[in-house]
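Per-entry structural report
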Amino acid sequence: MTAHHPTSHTAARVRRLEERLIAAGLTDDAELDGIITRFLAGASPLNGARIVARAWVDDDFRARLLTDANSAIADVGLSMRSGLQEQRLTVVANTETTHNVVVCTLCSCYPIGLLGPSPSWYKSEAYRSRVVRDPRGVLAEFGLHLPEETTIVVHDASAESRYMVLPRRPAGTDGRTEDELAALVSREGLIGTALV
Amino acid sequence: MTMADPATRFAAGDRVRALSVDPSHHTRLPRYVRGQVGEVLDVQGVWPLADDRAQGRPDPRSEPVYTVRFAAHDLWGEGSHWVTVALWQSYLEPVGTQERPEEQ
């Protein structure tokens with residue numbers, strides 16, 4: 001994708017910043033490692049998949065998930081409190097007529113605890129600038145060709161809420177267990193760049 | 001900019017305009033919605049104002065944050081999709097008949 005590799009440059013900048021903070025006596029390596037370990041511990045798209053599977057089998061859970069996601073996800077043992085402050089979670093449901101897709105145009109806001117670390121394309125300027133303007137074209141580049149009549153809603157995570165898509169349950173999955181259903185859900189399905 | 005009103009100024013269904021501003025400091029009012037009119041869908045609760053936090057103000061103001069839905073055609077002159085953006089209250093002004101004089 002990119003001709004240069006920005007990751008090492010960013011890592012070096014972050015390390016310089018950490019060293020300045022440590023030198024100023026504001027933190028130390030152990031504290032920083034602890035924060036990052038706690039933040040990433042268990043961060044995985046399997047968490048988002050479990051939430052989706054529960055919503056597919058439990059209408060009451062689904063209704064609460066769409067109105068108060070932070071309290072609903074406690075049912076499956078999850079929370080949005082892994083960071084420095086609890087983040088608000090908004091879950092948006094795909095329907096027969098509406099497809100949702102998530103972006104952060106200003107930086108890279110993302111529900112890491114529920115989806116794991118974000119893919120590099122999610123942080124790319126190309127995705128961030130283009131998906132709000134031409135979501136149908138961008139989704140087609142991901143291999144997702146939506147019918148013309150489908151309404152697309154792009155959610156820009158520009159403030160303190162993090163967004164997750166609730167995909168539609170695939171046809172022909174009656175009688176599957178919650179675990180079997182969770183195994184069908186991909187990270188891209190939770191961002192909205194793929195169907196499930 | 002006026003002092004932030006901690007009371008919730010807008011409700012779902014209200015039409016609001018994102019301010020057409022270009023501050024010298026960090027803001028989380030995306031440029032592509034500045035000056036544009038959208039509809040409030042939801043109130044996301046009260047959160048510290050990102051602009052104040054970024055400037056290191058010791059006591060950042062807190063304001064309601066709204067989910068505001070914009071039509072692609074208004075933003076880009078084309079397209080049939082919608083874009084929702086989360087915006088702090090002081091980024092928004094009322095539009096037309098939705099103005100509520102009793103709260104001014």
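Only a predicted model underlies this, so the values are computations on that prediction, with no experimental measurement involved. (Residues numbered from 1 in each chain as written. Chains lettered and ligands numbered in written order. Predicted model: local features only at pLDDT ≥ 70, side-chain atom pairs only at ≥ 80, totals over all residues. Heavy atoms only, no water.)

A few words on the side chain of Arg-128 of chain A. Residues and elements named next belong to chain A. Looking at the element boundaries, Arg-128 is found in helix α7 (residues 125–130). One buried charged residue, Arg-128, remains without a salt bridge, the closest side chain of opposite sign being Glu-125 at 5.4 Å. Here the side chain of Arg-128 touches Cys-104 through a polar contact of 3.4 Å, landing on its backbone oxygen. Leave out the neighbours within four places in its chain, and Arg-128 touches Val-103, Cys-104, Thr-105, Leu-106, Cys-107, Tyr-122 and Lys-123. (Helix = DSSP H or I, 4+ residues; strand = E, 2+ residues; numbered from the N terminus. Buried < 20%, exposed > 50% of the residue type's maximum accessible area, 1.4 Å probe, protein only. Lys, Arg positive; Asp, Glu negative; His and termini not counted. Salt bridge = Lys/Arg side-chain N within 4 Å of Asp/Glu carboxyl O. Polar contact = N/O pair within 3.5 Å; in protein donor to acceptor, adjacent residues only side chain to side chain. Contact = heavy atoms within 4.5 Å.)

Each partner contributes residues to the interface: chain A has 24 residues there, and chain B has 20 residues. Here chain A and chain B share an interface that buries about 1900 Å² over both sides, 52% of which is from carbon and sulfur atoms. In terms of surface lost to chain B, no three residues of chain A exceed Arg-88, Arg-133 and Glu-160 of chain A, which account for 30% of the buried area on that side. The interface formed by chain A and chain B contains 2 salt bridges. For the side of chain A that touches chain B, the secondary-structure elements that each account for two or more residues are β3 (151–156) and β4 (161–166) of chain A. The leading source of residues in the side of chain A that touches chain B is β3 of chain A, at 6 residues. (Buried area = accessible area lost by both parts, 1.4 Å probe.)

We now examine the domain arrangement of chain A. All names here are of chain A. Each assigned domain of chain A is listed with its residue range as follows: domain 1 (6–41) and domain 2 (43–191). On a C-alpha basis, the centroid separation for the pair domain 1 and domain 2 is 29 Å. Carbon and sulfur atoms make up 67% of the area that domain 1 and domain 2 hide from each other, which totals about 460 Å². For domain 1, the biggest contributors to the area lost against domain 2 are Ile-35, Phe-39 and Leu-40; these three give 85% of the whole. On inspection of domain 1 and its partner domain 2, the count reaches 0 salt bridges. In this assembly, domain 1 and domain 2 are joined by 2 residue pairs in polar contact (both at pLDDT 80 or more). (Domains from an automatic or database assignment.)

Residue and element names in this part refer to chain A. Under the definition given, this model contains 17 salt bridges over all chains. One salt bridge in this structure joins Arg-81 and Glu-86, with 3.7 Å as the shortest N-O distance. Residue Glu-86 is classed as partly exposed on the basis of its relative accessible area of 33%. Residue Arg-130 pairs with Glu-141 through a salt bridge whose shortest N-O separation is 2.7 Å. Here the residue Arg-130 occupies a position in helix α7, and Glu-141 occupies one in helix α8 (residues 135–141), the gap between them amounting to 11 residues.

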